[in-house]
Amino acid sequence: MILGCHVKMTSPLFVEGSVREALSYGANALMLYTGAPQNTKRRPVSEMHIPEAKALMAENGIPMEHMIIHAPYLINPANSVRPEVMELAKEFLASELQRTAEIGAVNLVLHPGSYTVTDPETGIRACIETLNGLHEIPENTVICLETMAGKGSEIGRTFEELAEILEHLDQKEKYGVCLDTCHINDAGYDVSDFDGVLDEFDRIIGLKLLRVIHLNDSKNIRGARKDRHANLGCGTIGFENLLKAAQNPRVQHIAKILETPYVGDNPPYAKEIAMLRSGIYEEGWEEHLK
């Protein structure tokens, strides 16, 4: 299984430190931001220890395709109410795409955004307009629109909404999808029937466009539209259902990234990855991390 997690990217080692953190968890994939997700301040990529990170990944047999970049949440492609927000989304997203290319990663995960005070149809049109405003997406870089829970005014809650966006993009070959198990659960999909989910995804979007999976349990009942991640086996989806999703042969080539919460002050990823690899769930595992 290709298993990874969301890791920090901090001074002094930056991306090299991110790779080292992922390796310490037994991961063979990872996901990171290129800078703080809450602002636009960015350090030059030349200072982020990229050659060292690439060498470390090569030493451990991890291809750069398994390094996922997540776009910051302040990019809202679906906002049509404030033109300056749409302009910021285009400019900052273009910058993040360039940084992704310079790092050598392929997949940039992006939330489709929120329509704020308008309606879903207006938000979808705004998202399409924003993305079509990206005049040049770097070679070998793919924007992966993430499935969303439908919290508040989010778009991308259903496969149909994502399909509508994808259908109207000018550079279709530069886009894919990131499927989040917590989000689709909260949106109303039945993760316990993961093959059924994949069948529906394939019918509406096309399985060839699925490029990243966020493997998270959920604190909410199916259809709650709340988006609250839980540790594996500690939520309503359950470890066995998430294990089946991770083991599904139809997505064996896709990186599964954990975005589960820390337990106290401690990262849970080494234990969660170990349980997924062994296929054995240990009751009360999270208590030992507190």
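Residues numbered from 1 in each chain as written. Predicted model: local features only at pLDDT ≥ 70, side-chain atom pairs only at ≥ 80, totals over all residues. Heavy atoms only, no water.

Draft legend 1. The sheet that holds strand S3 (residues 67-70), seen in detail. Strand order in the closed barrel formed by eight strands is S1-S2-S3-S4-S5-S6-S7-S10, and the pairing between neighbours is parallel. Neighbour-to-neighbour, the strand axes of the sheet open up by a mean angle of 30°, direction not taken into account. In the packing of helix H9 (residues 269-278) onto the sheet, contacts are made with strand S1 (3-6) and strand S10 (255-258), and the angle to S1 comes to roughly 160°. (Pairing = 2+ DSSP bridges. Helix = DSSP H or I, 4+ residues; strand = E, 2+ residues; numbered from the N terminus. Axes fitted to C-alpha atoms, helices over the stretch in contact; angles between N-to-C directions. Contact = heavy atoms within 4.5 Å.)

Draft legend 2. Examining the pattern of salt bridges more closely. Taken as a whole and assessed by the stated rule, the structure comprises 10 salt bridges. Asp195 is paired through a salt bridge with Arg250; the nearest N and O atoms lie 2.8 Å apart. Of the two residues, Asp195 is situated in helix H7 (residues 194-204) and Arg250 in the loop between helix H8 (239-247) and S10; the sequence distance between them amounts to 55 residues. Relative accessible area serves as the criterion here: at 37%, Asp195 is assigned to the partly exposed category. With a relative accessible area of 28%, Arg250 lands in the partly exposed category. The salt bridge partner of Arg250 is Asp199, with a shortest N-O separation of 2.9 Å. Here Arg250 is found in the loop between H8 and S10, whereas its partner Asp199 is found in helix H7, with 51 residues between them in sequence. Since its relative accessible area comes to 45%, Asp199 is described here as partly exposed. (Salt bridge = Lys/Arg side-chain N within 4 Å of Asp/Glu carboxyl O. Buried < 20%, exposed > 50% of the residue type's maximum accessible area, 1.4 Å probe, protein only.)

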